[in-house]
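Summary of the model geometry
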Amino acid sequence: MAAGTRRPGTRAQSGPIGYVLVFAIVMAGMAIIVLIGVGGLSETQSQSELQRAEHSMTLFDSRAAMVALGDSNGQSISFGQGGGTFEVEEGTGWMRIVHNNYTDDGDDEREVIYNKSMGSLTYENGDRRLAYQGGGVWERSANGEAGMISPPEFHYRGATLTLPIIRTLGAGNAKGSVDVSIQPQKQADLVFPAKSPPTAGDEVGVPYNGTDRNYTNPIRNGTVNVTVRSDYYQAWAEYFRERTTGEVTVWDANRTVRLQLKSIGGPPGSFTIPEEGESVPADGIADGHPLTEFEFDIVYTNGNNDHFSLYDEKNNQEYELHVVPTGSNYHNSCPSTPTSDVYVGMYYYSGDGSGEYEFWEATIDPSNSAISWSCTSDGPQLSIDMLSSTVDMDYDQNAPGISCGNNGNKWRFGEHIKCDYTHGDATLDQHDGDVGWEPAGPYSPGDTSTGRTLDEIVNHYTSLMGPDIDMTSQMGPGNSRAIVQDASSGSLNYKTASGAEYITYLHVTENEIAVEFD
């Protein structure tokens, strides 16, 4: 056939083929649109169901609290879900409350106040889970992260922890739209404070181990730990951090979180001067200038070098309050009234790595009202008010009784004062809030016109070393008995801290609800 000649029927075949191709393209596009639409619709429906579930679980939380805490004799709620599964399990998760070192005698006693499962009502839809547990509503996402939808029954304010523990009892599961009833099983059963003994053979509960002591407030010693094991432990941990500044510890391996709150303990009040190396605990010292009373009645032996210190060292900080008579005419003067000048030194090292310490001192004349001498059957007695406003302090550092390489055991930190560190400048502005005269300074070594008093300096550094100080006794030199320890006494009182890491009052009740699917 000659070139350019069209074969018969060619045009007739191309028409139907084109229509088929266009139809196929249109159908493929429609299929893609349908698939995308169905996927989007499915995702939208799933998201809508989860939002309804969150709302319903929050409503359940509110009604469960009414039943558990005695505001209702029963409640019911309808979960109008199109999909997903609900389940009640009373063995899931647990809460434990422990009071450690409750006598503060160094034996690290451990009293388990409470230790039971919390139980839960859960809703699961795909890779998302919601749960009511411990009086709160929690969620866990596809990647395993946990979050809080509504908070648990945990109320902390002003060093008081109120914890109505809510246990969920029951068993069973249901799908889709379900009705749930909530019935009270136990309401406001006292756990702490409490007097009733535990169930026979149960080591958890009243009284404290090895004692006949009931659970009473205030909490005076040690720490209180609240430990939670839960699939939602991460959210519990975040909640504890938001509500308190207590120490929060997380163990991912067993899905556990612990909140530790310290007892304020409070001021020691009147105390006997402790033996060498033993301490007077002063816990929960407030910031600022909180001291209201700090006095010593020190009875001296018939010797020389009657040095006496209360010191503490922690977190690289060092604190020493040093008292020593500087005369020699007070030992044998009884029954005549003894007399002597008295040296007071206040040493503080912040532990900031600078190698610089702060040091204040004064020599007090017997005519000053801050001190007085008297006779006792045990020897001459010095009474000194460490919060006197009549004693002017020098920012100087004579520190009698020590020299570099020969501290004679008279000062706890004598080597640091004379050999290791440098007497640096001081600026007394470290406290939060207004104490009346801060900021003040800077003060430089050798400044004998500071305008600062014994009251201000002792208040400042004692608070700075706080909130907890173990005031350890040191007498010197060496093994000499500088003072008659058991005839000597002191008195220390102050305003206590109110920070969110402390606990003074603990109120715990156990509350149980039964959850059933109707």
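Here is what the cut-offs are and how they apply
Residues numbered from 1 in each chain as written. Predicted model: local features only at pLDDT ≥ 70, side-chain atom pairs only at ≥ 80, totals over all residues. Heavy atoms only, no water. Core = buried A, V, L, I, M, F, W, Y, C linked by side-chain atoms within 4.5 Å. Buried < 20%, exposed > 50% of the residue type's maximum accessible area, 1.4 Å probe, protein only. Helix = DSSP H or I, 4+ residues; strand = E, 2+ residues; numbered from the N terminus. pLDDT = per-residue confidence, 0-100. Contact = heavy atoms within 4.5 Å. Salt bridge = Lys/Arg side-chain N within 4 Å of Asp/Glu carboxyl O. Pairing = 2+ DSSP bridges. Expected span 1.5 Å × (residues − 1). Disulfide = S-S within 2.5 Å. Phe/Tyr/Trp six-rings, centres within 6.5 Å; stacked < 30°, edge-to-face > 60°. Lys NZ or Arg CZ within 6 Å of the ring centre and 35° of its normal. Axes fitted to C-alpha atoms, helices over the stretch in contact; angles between N-to-C directions. Polar contact = N/O pair within 3.5 Å; in protein donor to acceptor, adjacent residues only side chain to side chain.

1. Describing the nonpolar core
Nonpolar side chains in soluble globular proteins tend to be buried together. The biggest cluster of nonpolar side chains holds 50 residues, and the ones touching the most others in it are Phe-294, Phe-296, Trp-360, Ile-384, Met-386 and Tyr-461. The biggest single contributor to this core is helix 4 (residues 454–465), with 6 residues.

2. Some words on the confidence of the model for the chain
This prediction gives the chain a mean pLDDT of 86; 86% of its residues lie at or above 70. pLDDT under 50 marks residues 1–7. Its contacts with residues more than four places away, or in other chains, come to 1 contact.

3. Some points on unusual backbone geometry
Note that the residue after Phe-192, namely Pro-193, is joined by a cis bond; omega there is -5°. Tracing the sequence through the fold places Pro-193 in the loop between strand 12 (178–192) and strand 13 (223–229). Backbone geometry places Asn-316, a non-glycine residue, at a positive phi of 70°. Within the secondary structure layout, Asn-316 lies in the loop between strand 19 (307–314) and strand 20 (317–325). Look at Ala-399: it is not a glycine, yet its phi comes out positive at around 45°. Structurally, Ala-399 is set in the loop between strand 24 (379–385) and helix 3 (414–420).

4. Notes on the pattern of salt bridges
The tally for this structure, following the rule as stated, stands at 16 salt bridges. Here Asp-189 ties to Lys-186 by a salt bridge, and the two come within 3.9 Å at their closest N and O atoms. What makes Asp-189 partly exposed here is its relative accessible area of 35%. When salt bridges with common partners are traced through the structure, they connect Lys-116, Arg-167, Lys-186, Asp-189, Glu-510 and Glu-512 into a single cluster.

5. Section: the sheet that holds strand 20
Read across the open sheet, the 7 strands follow the order 17-26-19-20-21-22-25; overall the sheet is mixed. Only two strands of the sheet have a single neighbouring strand rather than two, namely strand 17 (279–282) and strand 25 (422–423). Taken together, the 5 bridges between strand 19 and strand 26 (residues 469–476) define a ladder with antiparallel strand orientation. Of the residues in strand 26, the one forming a bridge with His-307 is Gly-476.

6. Some points on helix 4
Taking 1.5 Å as the rise per residue, helix 4 with 12 residues should run 16 Å; its terminal C-alpha atoms sit 16 Å apart, in good agreement. Counting buried positions over the 12 residues of helix 4 gives 11, a clear majority of the element. Burial in helix 4 covers these residues: Leu-454, Glu-456, Ile-457, Val-458, Asn-459, His-460, Tyr-461, Thr-462, Ser-463, Leu-464 and Met-465.

7. What about the state of the cysteines?
One pass over the full model with this rule turns up 2 disulfides. Each sulfur in the disulfide pair Cys-334 and Cys-375 lies 2.2 Å from the other. Taking the torsion about the S-S bond as the criterion, the Cys-334 to Cys-375 disulfide, at about -105°, is left-handed. Here Cys-334, found in the loop between strand 20 and strand 21 (342–349), pairs with Cys-375, found in strand 23 (residues 371–376); they are 41 residues apart in sequence, far enough to count as distant. Residue Cys-375 is classed as partly exposed on the basis of its relative accessible area, which comes to 31%. The residue that forms a disulfide with Cys-404 is Cys-419, at a sulfur-sulfur distance of 2.5 Å. Classification of the bridge connecting Cys-404 and Cys-419 rests on its S-S torsion, roughly 140°, and on that basis the disulfide is right-handed. Here Cys-404, found in the loop between strand 24 and helix 3, pairs with Cys-419, found in helix 3; they are 15 residues apart in sequence, far enough to count as distant. By relative accessible area, Cys-404 is classed as exposed at 53%. Relative accessible area serves as the criterion here: at 27%, Cys-419 is assigned to the partly exposed category.

8. Digging into the environment of Arg-157
Mapped onto the secondary structure, Arg-157 falls in strand 9 (residues 155–157). Accessibility expressed as a relative area gives 74% for Arg-157, which makes it exposed. Residues Arg-157 and Tyr-505 lie 348 residues apart in sequence; the distance between their C-alpha atoms is 10.0 Å.

9. What about the packing of aromatic side chains?
Tallied over the full model, the rule gives 25 aromatic pairs. Their ring planes at 25° and their centres at 4.4 Å tell us that Tyr-349 and Tyr-421 sit as a pair that is stacked. In this pair, Tyr-349 sits in strand 21 while Tyr-421 sits in the loop between helix 3 and strand 25, placing the two residues 72 residues apart along the sequence. Under the relative-accessibility criterion, Tyr-349 is labelled buried at 7%. The exposure class of Tyr-421 is partly exposed, given its relative accessible area of 23%. Linked through ring pairs, Phe-60, Phe-79, Phe-86, Tyr-123 and Tyr-132 together constitute an aromatic cluster. We note Arg-213 situated over the ring of Tyr-208; from NZ or CZ to the ring centre the distance is 4.2 Å.

10. Remarks on the sheet that holds strand 12
Reading across from one edge, 1-12-29-10-9 is the order of the 5 strands in this open sheet, with mixed pairing throughout. Each end of this open sheet is capped by a strand with a single partner; those strands are strand 1 (75–79) and strand 9. Averaged over all pairs of adjacent strands, the angle between their axes in this sheet comes to 20°, without regard to strand direction. Sheet analysis places strand 10 (residues 160–169) next to strand 29 (residues 505–517), joined by 10 bridges and oriented parallel. Counterpart to Leu-161 in the pairing with strand 29 is Leu-506.

11. Some thoughts on the pairing of strand 29
Alignment of strand 12 against strand 29, held across 9 bridges, turns out to be antiparallel. If you follow Ile-182 over to strand 29, its bridge partner there is Val-515.

12. Topic: the side chain of Ser-309
Its place among the elements puts Ser-309 in strand 19. Relative accessible area serves as the criterion here: at 0%, Ser-309 is assigned to the buried category. A polar contact is formed between the side chain of Ser-309 and the side chain of His-322, at a distance of 2.4 Å. Contact partners of Ser-309, with chain neighbours within four places excluded, come to Glu-320, Leu-321, His-322, Lys-410, Thr-472, Ser-473 and Gln-474.

13. Let's talk about the side chain of Gln-485
Relative to the helices and strands, Gln-485 is located in the loop between strand 26 and strand 27 (489–494). Of note is the side chain of Gln-485, whose polar atom sits 2.7 Å from the backbone oxygen of Ile-273. In this structure, Gln-485 is in contact with Thr-272, Ile-273, Pro-274, Glu-275 and Met-475, ignoring residues within four places of it in sequence.

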